[in-house]
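The primary structure of each chain is shown beneath.
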Amino acid sequence: MSLVFAAIAPHGTVAVPEAPAAAVDGAERTQAALEELGRRFAAARPDATIVLTPHNVHVDDHFAVVLAGELAGSLEDWDAPNVTLSCPADLQLAVEVVTALHDDGIPVVGASFGAYDPGAATAPMDWGTLVPLWFMGGRAEPQVPAVVVSPSRDRPIDEHVRAGRALRAAATASRKRVALIASADHGHAHDPEGPYGYDPAAAQYDEEIVQLVRENRLDGLVELDPSFVEAAKADSWWQLAMLHGALGDAWRGELLSYEAPTYFGMLCAAYEAPET
């Protein structure tokens, strides 16, 4: 077994129909696309999910992997206290991910929380993890255990591609059916009234990402100028590079939606494994 499902999914609160922000800003296309990702996820029957999120543990100059037996969180900080989720973590696969990254010479740490014994620990579930799992595995019966991985913006982008290859190796070695989700919102400077102000680079960056996804050219991510990514206030470059490393050139992507109903852009895409 190895990777059986892959996706790019947003994590803005407006993507969750149960959150009040969804009614204010509206993100119907994104919500419909996430529901479709949920159906495709279920059809792939994964045993575990690896979520690449920019909003969990940040460790200087290192990738980070959460080592815990449980994940739990809510969107209470975004005025959605009714959106709560807890689900099991796949601690064994998480340790194997740490080992695979380390063995490839990629700086990585395993991070736990609360109980000293990782198996008894419940780690906070950030919104970058919660929103994708809300649609994909987190509310399934039974729930699909998850592994949370944080990229490192201190590290070169080509190292993120290598990290993705290491994730694929860990998935293959696990002998499990593994889903991989790049949790990613894109340019965050679409609105002059937003927290990051306005910069035309945000729309330009999003247009570039949409084209790369639509044309199945994620390898073009490494050609983007870091200063351009910074001007766009992007929140996706690093996770998408890891996704590219994990999938290589054989997987086929399908763009399901893109919209920017608020100050940031959101995109949904599904990836289909090559025929074996």
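Residues numbered from 1 in each chain as written. Predicted model: local features only at pLDDT ≥ 70, side-chain atom pairs only at ≥ 80, totals over all residues. Heavy atoms only, no water.

Caption draft 1: Main features of the sheet that holds strand β4 (residues 70-75). An order of β5-β4-β7 is seen for the three strands of this open sheet, with the pairing classed as mixed. Edge positions in the open sheet fall to β5 (80-88) and β7 (122-124), since each of these has one partner strand only. Adjacent strand axes in the sheet meet at a mean angle of 20° when their direction is disregarded. Note that β4 and β7 share three bridges and pair parallel. Bridged to Ala72 within β7 is Pro124. Across the sheet, helix α4 (residues 127-135) touches β4 and β5, and the angle it forms with β5 is around 85°. (Pairing = 2+ DSSP bridges. Helix = DSSP H or I, 4+ residues; strand = E, 2+ residues; numbered from the N terminus. Axes fitted to C-alpha atoms, helices over the stretch in contact; angles between N-to-C directions. Contact = heavy atoms within 4.5 Å.)

Caption draft 2: Highlighting the pattern of salt bridges. This model, assessed by the stated rule, comprises 13 salt bridges. Between Glu36 and Arg40 there is a salt bridge, with the nearest N and O atoms lying 2.8 Å from each other. Here the residue Glu36 and the residue Arg40 both occupy positions in helix α2 (residues 28-44), the gap between them amounting to four residues, near one helical turn. With relative accessibility at 23%, the residue Glu36 sits in the partly exposed group. Looking at Arg40, the relative accessible area reads 28%, which means it is partly exposed. Linked by salt bridges that have partners in common, Asp61, Asp104, Arg155, Glu159 and Arg162 make up one network. (Salt bridge = Lys/Arg side-chain N within 4 Å of Asp/Glu carboxyl O. Buried < 20%, exposed > 50% of the residue type's maximum accessible area, 1.4 Å probe, protein only.)

Caption draft 3: Fine view of the nonpolar core. Ranked by size, the top nonpolar core spans 54 residues in total, and within it Ile8, Ile50, Val65, Val97, Ile209, Leu243 and Tyr271 carry the most contacts. The greatest single-element share of this core, amounting to eight residues, is contributed by helix α8 (residues 237-247). Sequence-distant contacts of Val65, that is, excluding residues within four places in its chain, are made with Ala94, Val97, Val98, Leu101, Val108, Val109, Gly110, Ala111, Val147, Val148 and Val149. Counting residues in each nonpolar core, the second largest holds 41 residues, with Ala27, Val66, Met136 and Ala270 among its members. (Core = buried A, V, L, I, M, F, W, Y, C linked by side-chain atoms within 4.5 Å.)

Caption draft 4: Region of the structure containing the side chain of His160. Topologically, His160 is positioned in helix α5 (residues 157-174). When residues no more than four places from it in sequence are discounted, the contact partners of His160 are Phe63, Pro151, Ser152, Arg153, Arg155, Trp238, Ala241 and Met242.

Caption draft 5: Examining the environment of Leu224 more closely. Along the chain, Leu224 falls in the loop between α6 (200-214) and α7 (226-232). In the structure, Leu224 is positioned 208 residues away from Val16 in sequence and 30 Å away in space, judged by C-alpha atoms. Sequence-distant contacts of Leu224, defined by excluding residues within four places in its chain, comprise Tyr205, Glu208, Ile209, Val229 and Trp237.

Caption draft 6: Quick look at the packing of aromatic side chains. This model, assessed by the stated rule, comprises six aromatic pairs. Summarising the aromatic geometry, the rings of Tyr196 and Tyr263 are spaced 6.2 Å apart at their centres and angled 45° between planes, so their arrangement reads as tilted. Of this pair, Tyr196 sits in the loop between β9 (178-183) and α6 while Tyr263 is found in the loop between β10 (252-259) and β11 (266-272), placing the two residues 67 residues apart along the sequence. Given the relative accessible area of 46%, Tyr196 is considered partly exposed. On the accessibility criterion, Tyr263 (22% relative accessible area) is partly exposed. The structure contains a cluster of three or more aromatic residues connected by ring pairs, namely Tyr196, Tyr263 and Phe264. Between Arg139 and the ring centre of Trp134, over which it is positioned, the NZ or CZ distance is 4.0 Å. (Phe/Tyr/Trp six-rings, centres within 6.5 Å; stacked < 30°, edge-to-face > 60°. Lys NZ or Arg CZ within 6 Å of the ring centre and 35° of its normal.)

Caption draft 7: Representation of α6 in the model. Relative to the 21 Å expected for 15 residues at 1.5 Å per residue, α6 spans 21 Å between its end C-alpha atoms, a close match to the ideal helical length. Of the positions making up α6, those classed as buried are Ala201, Ala202, Tyr205, Asp206, Ile209, Val210, Leu212 and Val213. Buried-residue contacts for α6 involve β1 (3-9), α7, α8, β10 and β11. A side-chain oxygen of the first residue of α6 lies 2.8 Å from the backbone nitrogen of Ala201; this N-cap is Asp199. In the segment just after α6, Asn216 is the residue with positive phi, at about 60°. (Expected span 1.5 Å × (residues − 1). Polar contact = N/O pair within 3.5 Å; in protein donor to acceptor, adjacent residues only side chain to side chain.)

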